[in-house]
Amino acid sequence: MKTKGQMHMMEYVLLSFFVLLIIVVVTFFLTGWQISSTRSERREVEYQKAEFLLRTIANSPYINRNTYKEGSMLEDSKLTSITCEEFQTLYGTGWYAEIEIPGFNDACLPDVYPLCGSWSYCKDESKEAMIFDIPVNIYRKMTGAVDAGFLRVGVYINAN
Amino acid sequence: MLSVFDIFKIILGIIISVFIIFVVMKFVGSYMEIGESGRQVSLMVNFKKTVENVYTTGISTDFELKESEILDYRPPLIETESTVIDTSPTPTLLLPGKKLSVGRVDYEIGWWKFYVIEALPDTKIIFVVPEADETTWALVGNITKALPSTENTETKVWFGVGCTNKTAPNFGWEGKKFTDSIIPGIISIKKEFELCENAAYWKEKDYKLVTITQTPGEEDFVVKPGDNGIGHVYIKTDDGYSDYIYRNNIDIAALLLGGQIFYRYMSGKFLSELDVAASVAQKEYGLLMTNTEIARRCSKDVSDFLAILDAIRETIPKVKDGQNEELIAEFAGYLGDSRAKFRQLESEGCA
C-alpha cells in the first residue's frame, strides 16, 4: 500500500518534471532562433551597406564624367586624384573599393598617370570582407577613349 | 473523503500549474517585447534603405513611418524605443509623419553636385511676398527647388503664394508646376500681394508661411535676401528672433524644416563635401596640366580655376559657424566665380 502510494507520487513528480523540461527546451529553442535571426539581420545590414556603396560609388559625381548623367562612366583623372580619406569623408568607413581595367596592372599614381589602369582605396588585406563587383566604363581623359573595367566594393565584416 | 495523498496531489498540481503559467506568461511577455523591437528595427532599416535608394537613383518614393515611432531626431541620428539609426553618409532631413515623401534635391555648380534627401509628410508652404520684384520671385523659385517635387509620390508638398486682401493665398501646386508655370504666370500678370494678416490661423492649419521681404516685421519665418545669393533668415522664438545667414537655398530649406539643428547639420555636410570636391578638382586639373597639349590650350583658364578653388578651400573653415556675413558673401562670390569659370573651361574643351 505504501509502495503503491509512493509510486503514485513519483508518477506526478516525473510528469511535472517532463512538462517543465519541455517548456525549458521550447524556451531555449525560441531564444536560439531569435539569436540566429538577429545574426542574419546583421548580415543583411552588411549586405545592404555593400549594395549601397557599390551603387553610390558607380554613380558618384566625384568620380563620374560630368557630362555623363547616367553614371557608371568613371573618369581616370578623378580616380587618380581622389584618396581613401576623401572617400571616407563622403561615404564613411568600414569598406574598400577597387577599380580595375583588365590588362592593366600598374596602380594609378600621379607619377605614372595616364599609363595605368588600377585604383585601390582603403583596402586592408588583413580584414575579412563581403565583396561585390559590377562592370563600369572608365573614360580616359587624355585620349578620349573608353575602357571597360569593373568596380569592386568590399564591406569589412564586423567593422563599424 | 479526501486522503492525504489526494490533498498532496491537488496542492502539488496547483503549485506546478501556477509556476508553469508564470514562466510561460513571463516568456510570452519578453517574446512580445523582442518581437516589437524587431519590428521597429526592421522598419528603421527599411527606411534607411529607402533613403539610400533615393540618394543613388534620384527617384522619389513614399514611405510609411508613424510619427509615434520616433522618439527623437537630431540629424543624422533617428532614435526609436528599440534602436538608433544613423542615416549617414547620405545627407538627410526628416520631418516625422505617418506617410512620407522621400525625395532628392540636387545642388549643382557645374564641377560639383551635392545631393540632399528630404523625407517630408504632407506639407503646405505659402510664400508671402509683399514686395514682389525680380529678386523675390527668383528666391521663391530657388527655395521651391530646394524642397522635393512630389509629382511621383502620393504624399505631397504643396506650394502657394499670398496673400490677397490680406487673407487668401493662391495655393495648391506641386514644386515643378509651381516653378515652371505658376510663378511665370503670376509675374506676367504683375499680380501684387500683401502680408497675410491671420498668420496664426494658417499656422493652426499646418501651413508654413515663408515671408520674403526687406523689412521684417512680426512674421514667424522671414527671409531677407541680400546680394550674391546670400541673405538673412529670421525665425521667431519666445525671446524675440533668431538671425541666421543663409549661404544657399538648402540653408533656407533646412531652417524652414527644422531650425538651427537642421541648419547646422546640413551646413556641416555641405562644407565638408565641398572641400573634398575642391580638393579632388585641384589634383585632377594639376594632373591634366602635365599633358602638354592641354597645358598649351588651357593653362591660363585652368590656373584661374585652381586659384578660385584655393580661395574656396581657404574660406570654408572661416564660414563654418555661419556668423561672419562679409566672409560668407566672399565665399558665395567664389562659388559663383567657380561656376562661371568651369562653364568657360567646358566651352573651350578644357574640362
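What counts and what doesn't
Residue positions are counted from 1 within each chain, in the order its sequence is given. Chains and ligands are labelled by the order in which they are written, letters from A for the one and numbers from 1 for the other. Where totals are concerned, whole chains, interfaces and linings use all residues; where local detail is concerned, this predicted model gives features only for residues with pLDDT of at least 70, and gives and counts side-chain atom pairs only at 80 or more. Note: side-chain values were computed over all heavy atoms of the structure, leaving out hydrogens and water. Two aromatic rings from Phe, Tyr or Trp, using only the six-membered ring of Trp, form a pair when their centres are within 6.5 Å; if the ring planes differ by under 30 degrees the pair is stacked, by over 60 it is edge-to-face, and anything between is tilted. The numbering of helices and of strands both runs from the N terminus, where a helix is a DSSP run of H or I of at least 4 residues and a strand a run of E of at least 2. Placement of a positive charge over a ring is assigned whenever Lys NZ or Arg CZ falls within 6 Å of the ring centre and within 35 degrees of the normal to the ring plane. Paired strands, as defined in this entry, are two strands with at least two bridges between them according to DSSP. Helix axes use the C-alpha atoms of the stretch in contact, all axes being lines fitted to C-alpha atoms, and the angles between their N-to-C directions lie in the range 0 to 180 degrees. Nonpolar cores are built from buried Ala, Val, Leu, Ile, Met, Phe, Trp, Tyr and Cys residues. Side-chain atoms within 4.5 Å join them into one set. Partly exposed describes any residue whose relative accessible area lies between the buried limit of under 20% and the exposed limit of over 50%, with all areas from a 1.4 Å probe on protein chains only and scaled to the type maximum. The criterion used for residue contact is that any of the two residues' heavy atoms lie within 4.5 Å. The scheme is simple: roughly parallel for angles under 35 degrees, roughly antiparallel for over 145, roughly perpendicular for 65 to 115, oblique for anything else. What makes a crossing left-handed is the near helix being turned counterclockwise from the far one by less than a right angle; a clockwise turn instead makes it right-handed. Put simply, Ala, Val, Leu, Ile, Met, Phe, Trp, Tyr, Cys and Pro go in the nonpolar bin, Asp, Glu, Lys and Arg in the charged bin, and everything else, Gly too, in the polar bin. Polar contacts here mean pairs of N or O atoms no more than 3.5 Å apart (in protein, one a potential hydrogen donor and the other a potential acceptor; neighbouring residues in sequence count only if both atoms are side-chain atoms). Every case where a carboxyl oxygen of Asp or Glu lies within 4 Å of a side-chain nitrogen of Lys or Arg is listed as a salt bridge. Put simply, buried area is the surface a 1.4 Å probe can reach on two separate parts but cannot reach once they are joined, added for both.

Colleague: Can you help me understand the packing of aromatic side chains in this one?
Modeller: Each aromatic ring pair is summarised here by two numbers: the centre-to-centre distance and the angle between the ring planes. Considering all chains together, one arrives at 27 aromatic pairs over all chains under this definition. Seen from their ring centres, Phe114(B) and Phe270(B) are 5.4 Å apart, and the 90 degrees between their planes marks the pair as edge-to-face. With Phe114(B) in strand E7 (residues 113-120) and Phe270(B) in helix H5 (residues 249-288), this pair connects stretches of sequence that are 156 residues apart. Here a set of aromatic residues connected by ring pairs shows up, and it is made of Phe87(A), Tyr91(A), Trp95(A) and Tyr121(A). The ring of Tyr139(A) has Arg65(A) sitting right over it, with the charged end atom 3.9 Å from the ring centre. When the ring centre of Phe104(A) is taken as reference, the NZ or CZ atom of Arg140(A) above it lies at 4.9 Å.

Colleague: Help me understand the sheet that holds strand E2 (residues 72-74) of chain B, please; the structure alone is not making it clear to me.
Modeller: Across a sheet, paired strands are connected by hydrogen bonds in the backbone, their directions being either parallel or antiparallel. Residues and elements named next belong to chain B. Across the sheet, three strands lie side by side as E2-E3-E4; this open sheet has antiparallel pairing. A strand with exactly one partner marks an edge of an open sheet, and here the two such strands are E2 and strand E4 (84-86). When strand polarity is set aside, the average angle formed by the axes of neighbouring strands in this sheet is 10 degrees. Where strand E3 (residues 77-79) meets E4, three bridges bridge the pair, whose relative direction is antiparallel. For Ile-78, the partnering residue across the bridge sits in E4 and is Ile-85.

Colleague: How do you make sense of the nonpolar core when you look at a structure like this?
Modeller: As a rule of thumb, nonpolar side chains are buried together in soluble globular proteins. Of all hydrophobic cores here, the largest spans 125 residues; its most connected members are Ile57(A), Phe47(B), Trp111(B), Trp112(B) and Phe127(B). Here this core takes 22 residues from H5(B), the largest share from any one element. If we ignore the near neighbours within four places in the chain, the residues touching Trp112(B) are Tyr62(A), Tyr107(B), Phe270(B), Glu273(B), Leu274(B) and Ala277(B). Core analysis: the second largest hydrophobic core is formed by seven residues, Cys163(B), Trp202(B), Tyr207(B) and Leu209(B) among them.

Colleague: Please explain the packing of helix H6 (residues 292-319) of chain B against helix H7 (residues 325-347) of chain B as it appears in this structure.
Modeller: When two helices pack together, their arrangement is given by the angle between the helix axes and by the axis-to-axis distance. Residues and elements named next belong to chain B. Interaxial distance between H6 and H7 falls to 9 Å at its minimum, and their mutual angle equals 155 degrees. Classified by the angle their axes make, H6 and H7 are roughly antiparallel. The hand of the H6/H7 crossing is left-handed. Mapping the contact onto sequence places Asp-301, Val-302, Asp-304, Phe-305, Ile-308, Ala-311, Ile-312, Thr-315, Ile-316, Lys-318 and Val-319 in H6 and Leu-327, Ile-328, Phe-331, Tyr-334, Leu-335, Asp-337, Ser-338, Lys-341, Phe-342, Gln-344 and Leu-345 in H7. Its residues assigned to classes, the contact of H6 with H7 comprises 14 nonpolar, three polar and five charged.

Colleague: Where do I start with the side chain of His232(B) in this structure?
Modeller: Residues and elements named next belong to chain B. Within the secondary structure, His-232 sits in strand E13 (residues 231-237). With relative accessibility at 13%, the residue His-232 sits in the buried group. Within the structure, the side chain of His-232 is placed 2.8 Å from the side chain of Glu-325, a separation counted as a polar contact. Residues contacting His-232, with those up to four places away along its chain left out, are Val-222, Val-223, Lys-224, Asp-243, Tyr-244, Ile-245, Tyr-246 and Glu-325.

Colleague: Is there a simple way to explain the pattern of salt bridges in this structure?
Modeller: Oppositely charged side chains can form a pair if their charged atoms are brought close together. One pass over the structure, following the stated rule, counts 29 salt bridges over all chains. Linking Glu125(A) and Lys123(A) is a salt bridge whose minimum nitrogen-to-oxygen distance equals 3.8 Å. One salt bridge in this structure joins Lys300(B) and Asp304(B), with 2.7 Å as the shortest N-O distance. Here Lys300(B) and its partner Asp304(B) are both found in helix H6, four residues apart, which amounts to about one turn of the helix.

Colleague: Mind showing me how you'd approach the interface of chain A and chain B here?
Modeller: When the parts of a complex come together, some accessible area is lost, and that lost area is often used as the size of the interface. With 40 residues of chain A at the interface, the matching set in chain B holds 41 residues. Summed over both partners, the interface of chain A with chain B comes to about 3,600 Å²; 66% of that surface belongs to carbon and sulfur atoms. In terms of surface lost to chain B, no three residues of chain A exceed Gln48(A), Phe52(A) and Tyr62(A), which account for 17% of the buried area on that side. For the pair chain A and chain B, the number of links is two salt bridges. Lys141(A) is paired through a salt bridge with Glu284(B); the nearest N and O atoms lie 3.5 Å apart. For the pair chain A and chain B, the number of links is ten residue pairs in polar contact (both at pLDDT 80 or more). The set of elements that each furnish at least two residues to the side of chain A that touches chain B consists of helix H1 (2-58), helix H2 (76-81) and helix H3 (84-91) of chain A. The greatest single-element share of the side of chain A that touches chain B, amounting to 20 residues, is contributed by H1(A). Class assignment for the residues of the side of chain A that touches chain B results in 17 nonpolar, 15 polar and eight charged.

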